[in-house]
Amino acid sequence: MGTDGQHLTIVGGGLAGALLAILLAQRGWSVDVFERRGDPRLHGYAGGRSINLALAERGLHALRQANADREVMAQAVMMRGRYVHPLQGESSLQRYGRDDSEVIWSINRGDLNIVLLDIAESHGARLHFDHGLSSVDFEARTATFGERSHAFTALVGADGAGSTLRRQMAPHIALNERTEWLDHGYKELEIPPAANGDFRIEPNALHIWPRGHYMCIALPNDERTFTVTLFMPNAGVYPSFENVQTADDAEALFARDFPDALPLMPELRADYDANPVGMLGTLYLDSWHLDGRAVLIGDAAHAMVPFHGQGMNCAFEDCVALADQLADHVSLADAFAAFEAQRKPDAAAIQQMALENYIEMRDMVDDAGFLLQRELELALQDRHPGRFVPHYSMVSFMRIPYSVALHRSEVQRDILVDATRGLESLDAVDWDTVDAAVLAALEPI
Ligand SMILES: Cc1cc2nc3c(=O)[nH]c(=O)nc-3n(C[C@H](O)[C@H](O)[C@H](O)COP(=O)(O)OP(=O)(O)OC[C@H]3O[C@@H](n4cnc5c(N)ncnc54)[C@H](O)[C@@H]3O)c2cc1C
């Protein structure tokens, strides 16, 4: 453990802040967590709405390190694949992996946060709710949380995409902060349980209604509801949030484009009116740390668009990496620098893959060429186990660095595109050529 750093102050008690508090407290660090919001264990979470997240192997592995996996998984709902609802034709399940050992999990954000906060506290972390960071004096090493002044050794910024700590660091270091906003936003809606209390549609899947430049998705909750998220452009073409503003507009859009979803959503009109349009962006920084005094993790360092379901998973990997670097280095400055060097290329890689996945989800999952490539991907996985691993599997079922997954995915995509060009089925694939390309371009993982 770092000799000049027995104590750390975490700003933000959300997903990353709470998990990091556990990992550090378990290793004997003295930890204070300051969270702007009230204690969700007393007041409920985010206005009581069910908001869920896809948890994959990277996040699950981090939860195992914190001994939080059992409690979290008790409430998780398995998602085997994408259940695609085309406008015309049959809906169907496209598996993510080979079998039920390769799945992702839908978990409730509020419940997850509460589990992590409880465990952090049980290990001795001190949690201070209703204490938002307002300013930092890096010379005096004091941080102000509302009325309260707090002396710190170092600050960890787990305060999300709009990080106040990042803003406080900016005058002291060349962050070169830029956010590329997507010109698409999102709105959360809900499918309640059926009259008999059961799920209204297949529970063990992530449902997608792909419609070209916009889409709906739905993830199951353990209380048998689904959180539905509508993604579409903010303005311009129809439909967009600019021209679908009222409950009447929303009902007309769903009747036209999501006709099988509309009858599942009796509260559509009220939800559409009540829930805000969220913005989506990718945050890039040149630096994540200010010598040994402050470091950023999770969304505060590298917010991304949500289309790979990896923002939290990546933030949890950050927590494990930072705790490990703190164990391996004597000085905090060295630990923070090593953490940044390790994680920055990987964060950049998943940010890029998340942007690319939006196109795949909204536009390609019902495209014949894409489905043929997917079929070939699975065939090549069988022919070259451990060497040709599908893109989704590398990101979601493995823990190889995201940057490696990105590079291999690009190589593999070229092979898939070349091998299926002009073909309608795998019958005509030139297997000798494809096998040779795989062997030449890809080392075993
Ligand atoms: C629509 C949508 C869907 C998503 N789906 C997925 C998914 O399926 N899977 C996935 O892995 N990721 C998903 N994500 C991404 C995921 O939500 C984030 O990556 C994750 O929440 C990041 O965790 P964090 O702890 O870094 O930040 P946050 O979860 O934002 O936590 C930040 C915390 O800091 C607190 N805070 C803020 N300012 C201050 C301050 N000044 N002082 C003190 N405390 C402060 C906040 O109240 C909050 O508790 C999704 C994101 C969106 C927008």
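Residues numbered from 1 in each chain as written. Predicted model: local features only at pLDDT ≥ 70, side-chain atom pairs only at ≥ 80, totals over all residues. Heavy atoms only, no water.

Digging into the packing of helix α10 (residues 311–328) against helix α11 (residues 332–364)
Keep this limit in mind: Geometry is summarised by axes, namely lines fitted to C-alpha atoms with helices restricted to the contacting stretch, and by angles between N-to-C directions that run from 0 to 180 degrees. In this text, helices come from DSSP runs of H or I with a minimum length of four residues, and strands from runs of E with a minimum of two, each type numbered from the N-terminal end. Any angle that is under 35 degrees is reported as roughly parallel, and any over 145 degrees as roughly antiparallel; angles of 65 to 115 degrees are reported as roughly perpendicular and all others as oblique. By definition, any crossing whose near helix is turned counterclockwise from its far helix by less than a right angle is left-handed, and any crossing with a clockwise turn is right-handed. Throughout, a residue-residue contact means that at least one pair of heavy atoms, one from each residue, lies within 4.5 Å. Gly is put with the polar residues, along with every residue not named as nonpolar or charged; the nonpolar set is Ala, Val, Leu, Ile, Met, Phe, Trp, Tyr, Cys and Pro, and the charged set is Asp, Glu, Lys and Arg.
Where α10 contacts α11, the axes come no closer than 9 Å and their chain directions differ by 155°. When the axis of α10 is compared with that of α11, the two are roughly antiparallel. In this structure, α10 meets α11 at a crossing whose hand is right-handed. Within the contact between the two elements, α10 uses C314, E317, D318, A321, L322, Q325 and L326 and α11 uses L332, A335, F336, A338, F339, Q342, R343 and I350. Of the residues that constitute the contact of α10 with α11, the class distribution is 10 nonpolar, two polar and three charged.

Things to note about the packing of helix α3 (residues 57–65) against α10
It is at 8 Å that the axes of α3 and α10 come closest, and there the two elements cross at 40°. On the basis of their axis angle, the class for α3 and α10 is oblique. In this structure, α3 crosses over α10, and the sense of that crossing is left-handed. Here R58, G59, A62, L63 and Q65 of α3 come into contact with α10, specifically with N313, F316, E317 and V320.

What to know about empty space enclosed by the protein
Unfilled space is identified by rolling a water-sized probe across the atoms. Note the cut-off: Every definition here rests on a 1 Å grid over the protein atoms only: cavities are sets of points where a 1.4 Å probe fits but cannot get out, pockets are open sets enclosed by protein on both sides within 12 Å along at least five of seven lines, and lining residues have some atom within 4 Å of a point. Grid points are joined across faces, edges and corners, and a volume is the space filled by probe spheres set on the points.
One pass over the full model with this rule turns up two cavities of 30 Å³ or more. As for the largest cavity, its lining consists of V72, Q75, I107, N108, D111 and L112. Elements supplying a minimum of two residues to the lining of the largest cavity: β7 (104–108) and α5 (109–122). Residue composition of the lining of the largest cavity, grouped by class: three nonpolar, two polar and one charged. For the second largest cavity, the calculated volume is near 30 Å³. Forming the boundary of the second largest cavity are I191, W209, C216, V228, F254, F258, A261 and M265. Across the lining of the second largest cavity, the residue classes break down as eight nonpolar, no polar and no charged.

Some thoughts on the pairing of strand β1 (residues 7–11)
Put simply, the test is: Burial status follows relative accessibility: with a 1.4 Å probe on protein chains alone, a residue under 20% of its type maximum counts as buried, one over 50% as exposed, and anything between as partly exposed. When DSSP finds two or more bridges between a pair of strands, those strands are recorded as paired. By the criterion used throughout, a crossover qualifies as right-handed when its path from the first strand across the helix to the second strand runs clockwise, the strands pointing away from the viewer.
Of all five residues in β1, five are buried, a share of seventy percent or more. In β1, alternate side chains face the same way, and those of H7, T9 and V11 on one face and L8 and I10 on the other are all buried. Two strands pair when backbone bridges link them, and β1 and strand β2 (residues 30–34) are joined in this way by five bridges, in the parallel orientation. From the neighbouring strand, L8 faces β2, where its bridge partner is V31. Regarding the hand of the β-α-β motif, the stretch spanning β1, helix α1 (residues 15–26) and β2 is right-handed. Pairing of β1 with strand β12 (residues 155–157), which is carried by three bridges, proceeds in the parallel orientation. Looking at β12, one finds that I10 is bridged to V156.

Digging into the site of the ligand
Put simply, the test is: Near residues are defined by distance, with any heavy atom within 4 Å of the molecule or strand qualifying the residue. Under this definition, polar contacts are N or O atom pairs within 3.5 Å; protein pairs additionally need one hydrogen-donor-capable and one acceptor-capable atom, and for neighbouring residues in sequence, both atoms have to be side-chain atoms. Here the Shrake-Rupley method, with its probe set to 1.4 Å, supplies the accessible areas, and only the displayed protein chains count as covering residues.
Near the ligand you find 28 residues, and of these E35, A54, R109, L133 and D299 are the closest. The side chain of E35 places a nitrogen or oxygen atom 2.6 Å from an oxygen atom of the ligand. Out of a free accessible area of 990 Å², the ligand has 88% covered by protein chains. Going through the elements one at a time, α1, β3 (52–55) and α10 are the ones with two or more residues in the shell around the ligand. Sorting elements by how many residues they give to the shell around the ligand places α10 first, with three residues. Among the residues forming the shell around the ligand, the class breakdown is 11 nonpolar, 11 polar and six charged.

A word on the sheet that holds β12
Across the sheet, which stays open at both edges, the six strands sit in the order β8-β2-β1-β12-β19-β18 with mixed pairing between neighbours. Of all the strands in the sheet, just β8 (126–128) and β18 (289–290) have a single pairing partner and so form its edges.

Focus on the confidence of the model for the chain
Low-pLDDT stretches of the model should not have their predicted coordinates read in fine detail. Going by this rule: Per-residue confidence from the predictor is given as pLDDT, running between 0 and 100.
Averaged over all residues, the pLDDT of the chain equals 95, while 98% of them reach at least 70. For the chain, per-element mean pLDDT is lowest for helix α2 (residues 40–43), which scores 90, and highest for strand β19 (residues 294–296), which scores 99. Contacts for the low-pLDDT stretch residues 1–5, under 50 throughout, to residues beyond four places or in other chains number 19 contacts.

Overview of the pattern of salt bridges
Where we set the bar: Each salt bridge in this description consists of a side-chain nitrogen of Lys or Arg and a carboxyl oxygen of Asp or Glu lying within 4 Å of one another.
This model, assessed by the stated rule, comprises 26 salt bridges. In this structure, D100 engages R95 in a salt bridge whose closest nitrogen and oxygen atoms are separated by 3.0 Å. Looking at D100, the relative accessible area reads 33%, which means it is partly exposed. The closest approach of N and O atoms between D257 and R256, which form a salt bridge, is 2.8 Å. A cluster of three or more residues bridged by salt bridges with shared partners is formed by D39, R41, D118 and E121.

So, the sheet that holds β7
Strand order in the open sheet formed by three strands is β3-β7-β4, with antiparallel pairing between adjacent strands. If you trace the sheet from one side to the other, it starts and ends with β3 and β4 (77–79), each paired once. Direction aside, the axes of adjacent strands within the sheet are offset by 35° on average. For β3 and β7, the ladder comprises four bridges, and the chain directions are antiparallel. In the strand pairing of β7, L55 is matched with W105.

Re unusual backbone geometry
In this model, Y238 is joined to P239 through a cis peptide bond whose omega is -5°. Along the chain, P239 turns up in the loop between β16 (226–233) and α7 (247–257). The phi torsion at D130 lies on the positive side, around 55°, for a residue other than glycine. As for its placement among the helices and strands, D130 is situated in the loop between β8 and β9 (133–137). For N176, which is not a glycine, the phi torsion comes out positive at approximately 50°. Following the sequence through the fold, N176 ends up in the loop between α6 (164–169) and β13 (178–191).

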